[in-house]
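Residue strings, one per chain:
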Amino acid sequence: MIRVRFAPSPTGFLHVGNARTALFNYLFAKHNNGKLILRVEDTDKERSKKEYEDMLIEDLKWLGIEWDEGPDIGGEYGPYRQSERLDIYNKYIQELLEKGHAYYCYCLPEELEEERKKALAEGRPPRYSGKCRHLTQEEKKQYEEKGIKPVVRFKVPDGRIIVFDDLIKGHIEIGVDEFGDFVIVRQDGMPTYNFVVVVDDALMKISHVIRGEDHLSNTPKQILIYEALGFDIPEFAHLPIILGEDRSKLSKRHGAVSVRAFKDEGYMPEALFNFLSLLGWHPKEDREILSKEEIINEFDIKDIHKSPAVFDRTKLRWMNGVYIREIIPLEELTKRAEPFFKGFGYIGSFDYYKKVMQAIRDSIETLMDIKERARPFFVDEFEFDDKAKEELSNETAYKVIQTLYEKIKDRDTLTGEEFKKIMKEIQKELKVKGRQLYHPVRIALTGEHSGVGLDILVEVIGIERVKKRLQRALEYFG
Ligand code: GLU
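Cut-offs and rules
- Residues numbered from 1 in each chain as written.
- Predicted model: local features only at pLDDT ≥ 70, side-chain atom pairs only at ≥ 80, totals over all residues.
- Heavy atoms only, no water.
- Pairing = 2+ DSSP bridges.
- Helix = DSSP H or I, 4+ residues; strand = E, 2+ residues; numbered from the N terminus.
- Disulfide = S-S within 2.5 Å.
- Axes fitted to C-alpha atoms, helices over the stretch in contact; angles between N-to-C directions.
- Contact = heavy atoms within 4.5 Å.
- Parallel < 35°, antiparallel > 145°, perpendicular 65-115°, else oblique.
- Left-handed = near helix turned anticlockwise from the far one by under 90°.
- Nonpolar A, V, L, I, M, F, W, Y, C, P; charged D, E, K, R; others polar.

Enquirer: Is there a simple way to explain the pairing of strand β6 (residues 170-175) in this structure?
Expert: Side-chain direction in a regular strand flips from residue to residue, so the side chains alternate between the two faces of the sheet. Strand direction decides the pairing type here: strand β5 (residues 161-166) and β6, joined by 6 bridges, are antiparallel. What sits directly across from Val-163, in β6, is Glu-173. Between β5 and β6, which pair antiparallel in sequence order, lie 3 residues.

Enquirer: I tried to follow the state of the cysteines on my own but got confused; where do I start?
Expert: Joining two cysteines, a disulfide is a covalent bond between their sulfur atoms. Under the definition given, this model contains 0 disulfides. Not engaged in a disulfide, the cysteine Cys-107 finds its nearest cysteine sulfur in Cys-132; these two sulfurs lie 3.6 Å apart.

Enquirer: Explain the sheet that holds strand β7 (residues 183-185) here, please?
Expert: Pairing between sheet strands relies on hydrogen bonds along the backbone, with the strands arranged either parallel or antiparallel. Taken in spatial order, the 3 strands make up an open sheet running β3-β4-β7, and their pairing is antiparallel. Edge strands, defined here as strands with exactly one partner in the open sheet, are β3 (102-105) and β7. This sheet shows a mean twist of 45° between the axes of neighbouring strands, independent of strand direction. With 2 bridges joining them, strand β4 (residues 151-154) and β7 adopt antiparallel strand pairing. Paired with Val-152 across the two strands is Val-185, which belongs to β7. Here helix α3 (residues 86-98) sits on the sheet in contact with β3, β4 and β7, set at roughly 95° to β3.

Enquirer: Can you help me understand the packing of helix α6 (residues 193-203) against helix α7 (residues 219-229) in this one?
Expert: α7 packs onto α6 with a crossing angle of 55° between their chain directions and a minimal axis gap of 9 Å. Between α6 and α7, the crossing angle belongs to the class labelled oblique. Every pair of crossing elements has a handedness; the one defined by α6 and α7 is right-handed. Between α6, through Tyr-193, Asn-194, Phe-195, Val-197, Val-198, Val-199, Asp-201 and Ala-202, and α7, the contact on the second element is made entirely by Lys-221, Gln-222, Ile-225, Tyr-226 and Leu-229. Partitioned by chemical class, the residues of the contact of α6 with α7 number 9 nonpolar, 2 polar and 2 charged.

Written as structure tokens, this is what we have:
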């Protein structure tokens with residue numbers, strides 16, 4: 001049975017890099033009829049917050065990632081929050097201490113810092129000397145009496161080279177001399193990441209550990225703990241890192257990096273899902289727009305690249321535009337757009353929003369673009385810029401607006417088709433066409449120099465607002 005897990009620390013918003021890790025675990029599980037487990041790694045008491053856990057869950061769900069076991073839904077192998085598993089960890093710490101795979105270390109932080117500096121100065125990798133490996137009961141007692149709280153260190157077998165075959169990175173060999181005896185319980189009694197992750201992955205029967213490449217250097221330490229506790233070692237797959245467009249590690253400097261930020265900027269979860277799936281993977285045939293089902297079907301861990309993935313924002317925007325234009329049904333799109341309309345102060349009924357979305361969906365890439373694109377549908381009292389003023393002070397331009405107004409002022413309705421017909425009449429009567437004919441009307445109705453088709457606009461805003469705006473322009477430029 002394939003069992004994978006996503007194990008975030010609830011210390012902030014869900015970063016898109018972590019979301020990609022969650023996504024690849026999800027895809028791997030779904031493709032193989034396996035299970036995805038959500039485990040919350042909240043042993044860092046100071047930085048972890050329940051609110052972050054809640055937001056994390058919300059954002060994962062928004063993105064369309066579902067799990068089979070987790071802190072919110074329970075499961076056979078819980079609890080799924082590390083802070084609730086401390087007794088379990090203690091039991092295994094005791095086992096390691098008893099079997100001689102771990103020991104108490106009373107070295108003071110200052111001493112360790114001295115050692116570290118010395119090693120660096122001598123050009124050696126800074127690693128713990130193993131000084132406390134062989135303390136006698138008597139020596140331990142003395143330290144305890146002095147009130148020194150020990151840490152627990154894992155006893156790393158000298159000279160070992162840890163070898164494993166990563167499903168993405170291939171054959172890996174790392175010598176233990178690079179790290180030395182590492183801490184598995186801190187002074188405050190909290191077990192460390194490298195230890196708890198092994199206990200949890202083993203007890204939760206995780207078959208494949210799929211995570212970011214930044215954890216590659218932790219893997220040998222974890223393998224040693226698996227061995228010491230007699231657990232089966234899972235398969236490992238380390239995902240390539242994600243870079244910004246300037247090829248440095250993706251960070252806030254590059255703009256939005258949390259899933260929440262993309263949501264707030266008006267991205268479609270389906271587009272982000274699609275985009276993230278292509279960060280380090282791509283389907284056999286060269287297609288970019290893929291549904292969730294297609295991605296699940298085609299996802300093969302063997303096709304994940306070794307080299308870094310670049311987070312191309314322009315591509316994400318483009319992709320989002322495709323989803324807005326062609327994929328999300330209008331009704332659903334409007335539901336998602338509603339809070340954006342309201343946020344911009346564009347007030348209308350749901351049906352009105354729907355008409356506006358229909359009119360502008362082809363010209364927006366994110367829901368944020370609604371601000372600019374939808375303005376003519378809501379704002380009657382707009383400014384005229386210098387260019388507009390110049391164009392409308394032209395006599396012919398004024399005449400066009402005047403004639404249009406005369407032709408519609410006694411009407412009660414005006415469809416797009418009727419508007420076009422009236423414009424044709426004006427063309428004949430005044431002998432103006434093209435830009436000369438349409439542009440003055442656009443300025444009078446919107447104050448803008450480009451935008452949505454005027455026939456669409458007039459039909460959506462309705463004749464009364466059309467009259468009002470034409471009148472306003474006539475007064476302004478008369
Ligand atoms: N809590 C760790 C992280 O967020 C989990 C790493 C792992 O998957 O082992 O990076």
